[in-house]
Amino acid sequence: MTATMELVAAIDELPVGARKSIFVDDLPALLIRVADEYFAIEDVCSHDGQPLTDGPVQAGQITCPRHGARFDLRTGKPMCMPATSGIAVFAVECREDGIYAGPKAAAETSFSAAAVGSTTAATATVSNPSAASAVAREAQANGDVDLDDGAIIDALRQVIDPELMINIVDLGLVYAVNHGEKKIQIDMTLTSPACPAGPQIVQQAKMVLEKLPGIEEAQIKLTMTPPWTPDRMTDEARDQLGIF
Ligand code: FES
């Protein structure tokens, strides 16, 4: 049976880089032109229902304007947190009389580390003795912290990302730990630059560290380099998010 394609735009309606809100299969969708290619995607973020209508498009991906999840325009695959499931994508055809969009192609329903395409094998596994931790490797390379006592890492485990309800250590957000007798400096990242919980996470990390015995000051340095990728999460965090 041939699936029905619907006329959704005139050929000259979308200049390069333009987009149009349409409906496909009675679902709100977004028709986007990138160079000479057209994409039709579900216009609802899988994370929390935000329309993707105004999301920036770059390198074949659209970013949710609310919390920064990114989706592949071609496959609907989620490319970063906080989205863990995909959005629907639709077939698009350019015909003589206009642009047609049709039934859903199967969306990627969840992401995996391989799907995200990161080459970093930095699974943060402070709680998993069988694997090396990104935190441990970085800190030990610096010779700056003895992770055997785990006090700093354990303190940081008290800081929970309110979007995902997982602590920042198991999420793999902590990149490096440096400390002296009275000061601690943490290099850490966020799941996305637009993470609305960023200020809260930073404040809580500072607070828990400054409660450690002898510590007078904790500095939290935020970095987006390298950008966080889901493969930094511990297996425990993956289980909690239902990612396998
Ligand atoms: S609603 Fe889109 S990332 Fe949260």
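Everything that follows concerns the structure shown earlier in this document.
A short tour of the structure in this document, coming up. (Residues numbered from 1 in each chain as written. Predicted model: local features only at pLDDT ≥ 70, side-chain atom pairs only at ≥ 80, totals over all residues.)

**Regarding the sheet that holds strand β12 (residues 174-179)**
Reasoning step 1: Taken in spatial order, the three strands line up as β12-β13-β14 in an open sheet, and their pairing is mixed. Edge positions in the sheet fall to β12 and β14 (217-222), since each of these pairs with one other strand and no more. The sheet shows a mean angle of 15 degrees between the axes of neighbouring strands, taken without regard to direction.
Reasoning step 2: Here strand β13 (residues 183-188) runs beside β14; their pairing, made up of six bridges, is parallel. Among the inter-strand pairings, isoleucine 184 is bridged to a residue of β14, identified as alanine 218.
Reasoning step 3: On top of the sheet, helix α4 (residues 198-210) reaches β13 and β14; it is set at about 150 degrees to β14, its chief contact. (Pairing = 2+ DSSP bridges. Helix = DSSP H or I, 4+ residues; strand = E, 2+ residues; numbered from the N terminus. Axes fitted to C-alpha atoms, helices over the stretch in contact; angles between N-to-C directions. Contact = placed C-beta atoms within 7 Å.)

**With respect to the environment of isoleucine 152**
Reasoning step 1: Within the secondary structure layout, isoleucine 152 lies in helix α3 (residues 151-156).
Reasoning step 2: Once the C-alpha coordinates of isoleucine 152 and leucine 212 are considered, the two residues, 60 residues apart in sequence, prove to be 7.9 Å apart.

**Some details on unusual backbone geometry**
Reasoning step 1: The amide bond that connects threonine 225 to the next residue, proline 226, takes the cis arrangement and shows omega of -5 degrees.
Reasoning step 2: With respect to the secondary-structure elements, proline 226 resides in the loop between β14 and α5 (235-241).
Reasoning step 3: Unusually for a residue other than glycine, alanine 35 sits at a positive phi of about 55 degrees.
Reasoning step 4: Its location among the elements puts alanine 35 in the loop between β3 (27-34) and β4 (37-42).
Reasoning step 5: Take alanine 35: there are 7 C-beta atoms within 10 Å of it, and that puts it in the exposed class.
Reasoning step 6: One non-glycine residue with positive phi stands out, namely methionine 165, at about 60 degrees.
Reasoning step 7: With respect to the secondary-structure elements, methionine 165 resides in the loop between β10 (160-161) and β11 (166-167). (Buried ≥ 20, exposed ≤ 12 C-beta atoms within 10 Å, placed from the backbone.)

**Comments concerning α4**
Each α-helix turn comprises 3.6 residues. Residues three or four places apart therefore point the same way.
Reasoning step 1: The terminal C-alpha atoms of α4, which comprises 13 residues, lie 18 Å apart, in line with the 18 Å expected from a rise of 1.5 Å per residue.
Reasoning step 2: For α4, every residue scored as buried is listed here: Ile201, Ala205 and Leu209. Buried residues of α4, seen end-on, are gathered within an arc of 60 degrees and therefore sit on one face of the element. Of the exposed residues in α4, the ones pointing more than 90 degrees away from its buried face are Pro199 and Gln203.
Reasoning step 3: Looking at the buried residues of α4, the elements they touch are α3, β10, β13 and β14. (Expected span 1.5 Å × (residues − 1). Arc of directions from axis to C-beta.)

**Description of the sheet that holds strand β5 (residues 57-58)**
Reasoning step 1: Taken together, the three strands give an open sheet; going across it, the order is β5-β6-β7, and neighbouring strands pair in antiparallel fashion. At either end of the open sheet lies a strand with only one pairing partner, and these are β5 and β7 (70-72).
Reasoning step 2: The sheet contact formed by strand β6 (residues 61-63) and β7 spans three bridges and is antiparallel. Its bridge partner lying in β7, threonine 63 is registered against arginine 70.

**Overview of the environment of glycine 86**
Reasoning step 1: On the secondary structure map, glycine 86 appears in the loop between β7 and β8 (89-95).
Reasoning step 2: Exposure remark for glycine 86: the 23 C-beta atoms within 10 Å place this residue in the buried category.
Reasoning step 3: Distance in space between the C-alpha atoms of glycine 86 and phenylalanine 71 is 7.2 Å, their sequence separation being 15 residues.

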